[in-house]
Amino acid sequence: MTRRASTMPLAFKASQHLDLPVRRQAQNLPAYLRQDDRLIAALLDGQQLTRIGPGRYRYLVTKLQVFQLQVTPVVILETEHQDESIVMRAVDCELEGLGVVDDFKLTLEAILNATPTGLVGDASLAVQVSQPALLRLIPRRLIESTGESILSGILIGIKARVGQQLLSDFHRWCSSIESAKKTTEKTAAVQGSRA
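Residues numbered from 1 in each chain as written. Predicted model: local features only at pLDDT ≥ 70, side-chain atom pairs only at ≥ 80, totals over all residues. Heavy atoms only, no water.

The secondary structure content of the protein chain amounts to three helices and eight strands. In the protein chain, the succession of α and β elements from N to C terminus is β-α-α-β-β-β-β-β-β-β-α. Burial status across the protein chain gives 36% buried among its 195 residues. Contacts in the protein chain between residues at least 24 apart in sequence constitute 60% of all its contacts with a sequence separation of at least 6. Of the roughly 11900 Å² that the protein chain leaves accessible, carbon and sulfur atoms contribute 52%. (Helix = DSSP H or I, 4+ residues; strand = E, 2+ residues; numbered from the N terminus. Buried < 20%, exposed > 50% of the residue type's maximum accessible area, 1.4 Å probe, protein only. Contact = heavy atoms within 4.5 Å. Areas by Shrake-Rupley, 256 points an atom, 1.4 Å probe, with all protein chains shown as cover.)

All right, on to the side chain of Thr-79 then. Within the secondary structure, Thr-79 sits in strand E5 (residues 69-82). Looking at Thr-79, the relative accessible area reads 15%, which means it is buried. Here the side chain of Thr-79 touches Asp-36 through a polar contact of 2.9 Å, side chain to side chain. Residues contacting Thr-79, with those up to four places away along its chain left out, are Asp-36, Ile-40, Gly-55, Tyr-57, Ile-86 and Val-87. (Polar contact = N/O pair within 3.5 Å; in protein donor to acceptor, adjacent residues only side chain to side chain.)

A full pass over the atoms with the stated rule returns one cavity of 30 Å³ or more. Approximately 250 Å³ is the volume attributed to the largest cavity. Lining the largest cavity are 20 residues, and of these Ala-110, Leu-112, Ala-123, Ile-158 and Val-162 lie nearest its centre. Residue assignment for the lining of the largest cavity shows that the elements contributing at least two residues are strand E1 (10-21), helix H2 (36-43), strand E6 (85-96), strand E7 (105-115), strand E8 (118-129) and helix H3 (140-194). Along the lines of polarity and charge, the residues of the lining of the largest cavity split into 14 nonpolar, four polar and two charged. (1 Å grid on protein atoms, 1.4 Å probe; cavity = no way out; pocket = protein on both sides within 12 Å on 5 of 7 lines; lining within 4 Å. Points joined across faces, edges and corners; volume = space filled by probe spheres on them. Nonpolar A, V, L, I, M, F, W, Y, C, P; charged D, E, K, R; others polar.)

Bringing the packing of aromatic side chains into the picture now. The description of an aromatic ring pair uses the distance of the two centres, along with the angle that the planes make with each other. Going through the model one piece at a time under the given rule, you end up with two aromatic pairs. Ring pairing ties together the aromatic residues Tyr-32, Phe-170 and Trp-173, which thus form one cluster. (Phe/Tyr/Trp six-rings, centres within 6.5 Å; stacked < 30°, edge-to-face > 60°.)

Turning to the pairing of E7, a few remarks are in order. Burial of E7 is one-sided: the residues Leu-106, Leu-108, Ala-110, Leu-112 and Ala-114 facing one way are buried, the residues Lys-105, Thr-107, Glu-109, Ile-111, Asn-113 and Thr-115 facing the other way are not. Bridge count between E7 and E8: eleven bridges; the pairing is antiparallel. Within E8, the position partnered with Thr-115 by the bridge is Gly-118. With antiparallel pairing between neighbouring strands as the criterion, E7 and E8 make up a hairpin whose turn holds two residues. (Pairing = 2+ DSSP bridges.)

By the element assignment, Leu-10 lies in strand E1. The class for Leu-10 is buried, based on a relative accessible area of 1%. Between the C-alpha atom of Leu-10 and that of Val-129, which follows or precedes it by 119 residues, the distance is 5.3 Å.

The subject of this paragraph is the side chain of Asp-169. Along the chain, the position of Asp-169 falls in helix H3. Discounting chain neighbours no more than four positions away, the residues touching Asp-169 are Tyr-32, Arg-38 and Ala-42.

The next point concerns the nonpolar core. Ranked by internal contacts, the top residues of the largest apolar core, which has 48 residues, are Tyr-32, Leu-33, Leu-77, Leu-106 and Leu-166. Top element by residues in this core is H3. It accounts for nine residues. (Core = buried A, V, L, I, M, F, W, Y, C linked by side-chain atoms within 4.5 Å.)

Here it is, written out as C-alpha cells:
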C-alpha cells in the first residue's frame, strides 16, 4: 500500500479587540448598526466593495505580498443582526494571483456591539493554504509569521477606520435623522395651524 505524503497547509491568524467610547448620541448606536450598507462602506474601502444583495457584499481585500508572491483575496461577506450588535462573516473566498488553488480557506468573523457608552467589538481573521511552489525554499515558520503580520495589518486598518471613518459617518447619520425629524415637526406644525 503506497502512502501519499501529506503536507500541512500554511496557517495564518490574527485578531483585534475594539473598545471605542462614543461621547455624543450613543443611544442611537443600535439603530445605526442596522444600516448595513452605510456601516460596511464606513468599515471597508468603498472602492473595493460591491453590494450583491441585502446584507451581502463582495470585497476585494487589499493586495497582499508575501515575499515574491502577490495575491488578492476576493471575499463574499454577509451581515447578521443580533440584538444591539452586528456580525460580519466571510462566507466565500477566492484567490486571485495564485492560479488555481483548491485548498485556500479564509475565515473572518467580526462582531460590533452597541453599548450605552460606545462600541465594543472583536474580529478574527485566519487563512489556510498549501505552500505555493514559489515559496517552498523559504522556512514555513517565516512564511507563517509574515502572513500573520499581514493579517494583523488588515485588522488594524479596519480598527482605525472604525475609530475615524465609522465614527464620523455615525455623527453625520445622527445629524440627518435629527434634521429629518425637525422638518417633519415643522411640517406638522404648519399643517396644524391651517386646520
